[in-house]
Number of protein chains: 2
Amino acid sequence: MSGDFVVSLAESDPSEKFRRLIEVGLALTSESDLSTLLGRILLEARRFTCADAGTLYLVTKDGRLQFSVVQNDSLDHSEVLVGNGSSPVTMEISPTSIAGCVTVTGSTLNIPDVYEIPGTCGFHFDRSFDLKSGYRSRSMLVVPMKNPKGKIVGVIQLINARCPGSGKDTAFSSDQEELVLCLASQAAVALDNARLTGDLRRSYAEAIHHLAKAAEYRDKDTGRHIERVGRYAAAIAGAMGLPQDYISDLLLAATLHDIGKLSIPDCILQKPGKLTSDEYREMKCHASLGGEILAGSENPVLRLASEIALSHHEHWDGSGYPHGLKGDEIPVSGQICAVADVFDALCSARCYKSAFGMQESCEILKQESGRHFSPAVVDVFFRIKDRISEIREEFA
Amino acid sequence: MSGDFVVSLAESDPSEKFRRLIEVGLALTSESDLSTLLGRILLEARRFTCADAGTLYLVTKDGRLQFSVVQNDSLDHSEVLVGNGSSPVTMEISPTSIAGCVTVTGSTLNIPDVYEIPGTCGFHFDRSFDLKSGYRSRSMLVVPMKNPKGKIVGVIQLINARCPGSGKDTAFSSDQEELVLCLASQAAVALDNARLTGDLRRSYAEAIHHLAKAAEYRDKDTGRHIERVGRYAAAIAGAMGLPQDYISDLLLAATLHDIGKLSIPDCILQKPGKLTSDEYREMKCHASLGGEILAGSENPVLRLASEIALSHHEHWDGSGYPHGLKGDEIPVSGQICAVADVFDALCSARCYKSAFGMQESCEILKQESGRHFSPAVVDVFFRIKDRISEIREEFA
């Protein structure tokens, strides 16, 4: 978003501003990705006020203020600091800081020059950023993000209002206070919604994960097999250029490929030696039983998981089970998971065999390309061999 | 909502209307219950225009228009027709009906008198409702609910604008067209969000359900045991006055109470006769193992499920397992599920016993109140015995 400079709306007519505010509200509330949303909130607030810079703080669960977005056009800097894996910087909610004061009181602060805050005010401006960067903060408009229940979920801090025409430093107007406060409320709702959606997605993924673990529970020596298969499958699908939604679904769905093993008796599943042909026939039922256990769902992950459970033992040349499908009759999810599953099994020690090395396992995949496996999938696998090795080490 | 008559906003100043529009947008986008949301959308649209009546249509997945909300102040009628279990009435999207024409063209229709639509228009007004009810439809403002992607998800049809002062019939103004169109866009976003949330909640519940079924898969003769236990537990919690969120979580979590049985070998789990004391000791491990399998989750359903798996075999007098907890040391979820689980087991035939009748099962619960079971939970159980019988029949 660096270089996405602020275009003025500061001088347009009042009802035009409200129209724009509604439009922005629509855009915000239909955005469900948290990082994108946060960056957008601050950018839109700056657009309304022609502000050169700004910071967005979120109130954390344990009651602190988290630096979540920083933007500064003069310094050509724009960064979203949450949801990217790094551990975010937080500060205490104290009425002695500007953002802290707004969080505590719930009231807007509109300060013409932060270097001229009277000593009688309870709060003061922290100059450390200016000293480090050479930036000169002057005017500041700081508003709470209050949701409809009246809870403050964050603070928008806008820095250095500019005259739309001349670009000169100016103060924030009281009209702008109202607009930004309105925008901040819309942002709070959008944020609540994005978090709710995120929580539900995580809960869902976690339930699927438990389901996969449960299925694996009796199959003592598979370790982190299901996780690796999910990762390998998603990496392959990514390199094949399949859509992002499909990849996310596959990451979860592939972990359920062996769920049908729940229906296989201990005496077969946990047998240390080679299976008799009768036992092997029963073992093979896990594919169709897995398909059945997961069948009949309306949700995309479970539908895909059912397809994979059913088809991950089909062979490209038609010699697999349960249906003896051939070539592209096998769903692409099954083609991918066959490679991911067998590769991981080859690399792992099992009760009936020791582990092969990376080299040897790859050799076997190559030999079986066009026989057991889809040649296209094996090709992609070799193209991303480094990524595969990384996953193998990460989930060892 | 009947009697919730429309108060005028029709004559207030323009920027006041926009402020109100933003407020309404906030309220709509923070509402995640679909029925409540739909009723609210139509009511707010009528408030902005002082409309006596209205209909909200949704576009269904198979491309029809569904009568979703009807409101009519003069007839004192207000009804939300979706999400209440009844099968909703739909009609074809045809440019010959008023709502159909708006859906097809994506343009607003503002009609002064629907009885005076010129024959040259492609659409006409269907008088059947007026003939049946004695109502006289006159002015009509019909706008598409378009989401930010440009997709039409529904239609708002407002009927009979009134002068705010006199209450006399009038036509809808062009100012009102713009406001309602804006509101309809906000409503479309709110609707998309509510549906997304609903879909995620259902997917989540479904994944938990599959997890519970998987756990039960090897335990051949339990039939719909887990579903009944979930329902009984939720019914008891409801009658105990526990919070609604807790009850919803319990309904799912209770179904996972026996997930630890995944770790019990076939030879014990499926043994037809009585278990030896060694076997029984191993069988009892399913409680602590269940607690472990589900442990470490951040999501409330799985946390509760872990608590239940661990505590549903504790006895009120301290004679249970795994920890020999006593009285209120046992989590309330465990106290409830103990009653629900044992009652259902008593009423069911198992490989080691035949089914008891309702009467006999209740007798046993009563005897064990204060010994095996919490007396308070048993009391509540007897208070809702009729509801329990209904569940028993419904999930037989």
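Residues numbered from 1 in each chain as written. Chains lettered and ligands numbered in written order. Predicted model: local features only at pLDDT ≥ 70, side-chain atom pairs only at ≥ 80, totals over all residues. Heavy atoms only, no water.

### Regarding the packing of helix H6 (residues 225-239) of chain B against helix H11 (residues 332-347) of chain B
Residue and element names in this part refer to chain B.
Part 1 of the argument: Interhelical geometry of H6 versus H11 gives an angle of 135° and a closest axis separation of 9 Å. Here H6 is positioned oblique relative to H11, judged by the angle of their axes. Classified by chirality, the crossing of H11 by H6 is right-handed. When H6 is examined against H11, the residues His 225, Arg 228, Val 229, Tyr 232, Ala 233, Ile 236 and Ala 237 are found in contact with a partner set consisting of Ile 336, Cys 337, Val 339, Ala 340, Asp 341, Phe 343, Asp 344 and Ala 345.
Part 2 of the argument: The class makeup of the residues in the contact of H6 with H11 is 11 nonpolar, 1 polar and 3 charged. (Axes fitted to C-alpha atoms, helices over the stretch in contact; angles between N-to-C directions. Helix = DSSP H or I, 4+ residues; strand = E, 2+ residues; numbered from the N terminus. Parallel < 35°, antiparallel > 145°, perpendicular 65-115°, else oblique. Left-handed = near helix turned anticlockwise from the far one by under 90°. Contact = heavy atoms within 4.5 Å. Nonpolar A, V, L, I, M, F, W, Y, C, P; charged D, E, K, R; others polar.)

### Description of the domain arrangement of chain A
Part 1 of the argument: Domain assignment breaks chain A into domain 1 (14-195) and domain 2 (217-394).
Part 2 of the argument: Between domain 1 of chain A and domain 2 of chain A, the C-alpha centre-to-centre distance is 49 Å. (Domains from an automatic or database assignment.)

### A few points about helix H9 (residues 277-293) of chain A
Residue and element names in this part refer to chain A.
Part 1 of the argument: In this model H9 runs 25 Å from its N-terminal to its C-terminal C-alpha over 17 residues, within 8% of the 24 Å that 1.5 Å per residue would give.
Part 2 of the argument: The largest bend in H9 is about 30°, located at Ala 287.
Part 3 of the argument: For H9, the set of buried residues is Glu 279, Met 283, His 286, Ala 287, Gly 290, Gly 291 and Ile 293. (Expected span 1.5 Å × (residues − 1). Bend = angle between axes of the 7 residues up to and from the residue. Buried < 20%, exposed > 50% of the residue type's maximum accessible area, 1.4 Å probe, protein only.)

### Observations regarding the relation of the copies chain B and chain A
Part 1 of the argument: It takes a turn of 179° to lay chain B on chain A, together with a shift of 0.0 Å along the axis; the resulting RMSD is 0.2 Å. What we have between these two chains is a two-fold relation.
Part 2 of the argument: A share of 100% of interface residues in chain B that are also interface residues in chain A marks the association as one of identical surfaces. (Least-squares fit on C-alpha atoms with pLDDT ≥ 70 in both.)

### What to know about the nonpolar core
Part 1 of the argument: Membership of the largest hydrophobic core comes to 100 residues, with the highest contact counts inside it found for Leu250(A), Leu256(A), Phe343(A), Leu250(B), Leu256(B) and Phe343(B).
Part 2 of the argument: Leaving out residues up to four positions away in the same chain, Leu250(A) has contacts with Ala233(A), Ala234(A), Ala237(A), Leu304(A), Ile308(A), Ser333(A), Ile336(A) and Cys337(A).
Part 3 of the argument: Counting residues in hydrophobic clusters, the runner-up holds 68 residues, among them Ile41(A), Leu58(B), Ala161(B) and Leu183(B). (Core = buried A, V, L, I, M, F, W, Y, C linked by side-chain atoms within 4.5 Å.)

### With respect to the interface of chain B and chain A
Part 1 of the argument: Counting from both sides, the interface comprises 41 residues of chain B and, opposite them, 41 residues of chain A.
Part 2 of the argument: When the two sides are added together, the surface that chain B and chain A hide from each other amounts to roughly 3,900 Å², 70% of it contributed by carbon and sulfur.
Part 3 of the argument: In this structure, the connection of chain B to chain A is made through 2 salt bridges.
Part 4 of the argument: A salt bridge links Glu178(B) to Arg19(A); the shortest N-O distance between them is 2.3 Å.
Part 5 of the argument: In this assembly, chain B and chain A are joined by 9 residue pairs in polar contact (both at pLDDT 80 or more).
Part 6 of the argument: Of all the secondary-structure elements, those providing two or more residues to the side of chain B that touches chain A are helix H1 (14-29), helix H5 (174-216) and helix H9 (277-293) of chain B.
Part 7 of the argument: At 18 residues, H5(B) tops the list of elements feeding residues into the side of chain B that touches chain A.
Part 8 of the argument: Among the residues making up the side of chain B that touches chain A, the classes are represented as 22 nonpolar, 12 polar and 7 charged. (Buried area = accessible area lost by both parts, 1.4 Å probe. Salt bridge = Lys/Arg side-chain N within 4 Å of Asp/Glu carboxyl O. Polar contact = N/O pair within 3.5 Å; in protein donor to acceptor, adjacent residues only side chain to side chain.)

### Some words on the state of the cysteines
Residues and elements named next belong to chain A.
Part 1 of the argument: Within the structure shown, the criterion is met by 0 disulfides over all chains.
Part 2 of the argument: The structure places no disulfide on Cys 285, whose sulfur is separated from the nearest cysteine sulfur, that of Cys 267, by 13 Å.
Part 3 of the argument: The class for Cys 285 is partly exposed, based on a relative accessible area of 34%. (Disulfide = S-S within 2.5 Å.)

### Considering the environment of Trp316(A)
Residues and elements named next belong to chain A.
Part 1 of the argument: Turning to its location among the elements, Trp 316 is positioned in the loop between helix H10 (300-311) and helix H11 (332-347).
Part 2 of the argument: With relative accessibility at 21%, the residue Trp 316 sits in the partly exposed group.
Part 3 of the argument: For the pair Trp 316 and Ala 376, spaced 60 residues apart in sequence, the C-alpha to C-alpha distance is 11 Å.

### Things to note about the packing of aromatic side chains
Part 1 of the argument: A full pass over the atoms with the stated rule returns 11 aromatic pairs over all chains.
Part 2 of the argument: Their ring planes at 55° and their centres at 5.1 Å tell us that Tyr57(B) and Phe67(B) sit as a pair that is tilted. Of this pair, Tyr57(B) sits in strand S1 (residues 51-59) while Phe67(B) sits in strand S2 (residues 64-72), placing them 10 residues apart in sequence.
Part 3 of the argument: Taking relative accessible area as the criterion, Phe67(B) reaches 25% and is therefore assigned partly exposed.
Part 4 of the argument: The ring of Phe382(A) carries the charged tip of Lys366(A) above its face, separated from the ring centre by 4.9 Å. (Phe/Tyr/Trp six-rings, centres within 6.5 Å; stacked < 30°, edge-to-face > 60°. Lys NZ or Arg CZ within 6 Å of the ring centre and 35° of its normal.)

### Side note on the environment of Asp113(A)
All names here are of chain A.
Part 1 of the argument: Inspection of the secondary structure assignment puts Asp 113 in the loop between strand S5 (109-111) and helix H4 (128-133).
Part 2 of the argument: Residue Asp 113 is classed as buried on the basis of its relative accessible area, which comes to 13%.
Part 3 of the argument: Taking the C-alpha atoms as reference points, Asp 113 and Met 140, 27 residues apart in sequence, are found 7.1 Å from one another.

### Structural notes on the environment of Gly63(A)
Part 1 of the argument: Tracing the sequence through the fold places Gly63(A) in the loop between strand S1 (51-59) and strand S2 (64-72).
Part 2 of the argument: Separated by 30 residues in sequence, Gly63(A) and Ile93(A) have C-alpha atoms that sit 7.2 Å apart.

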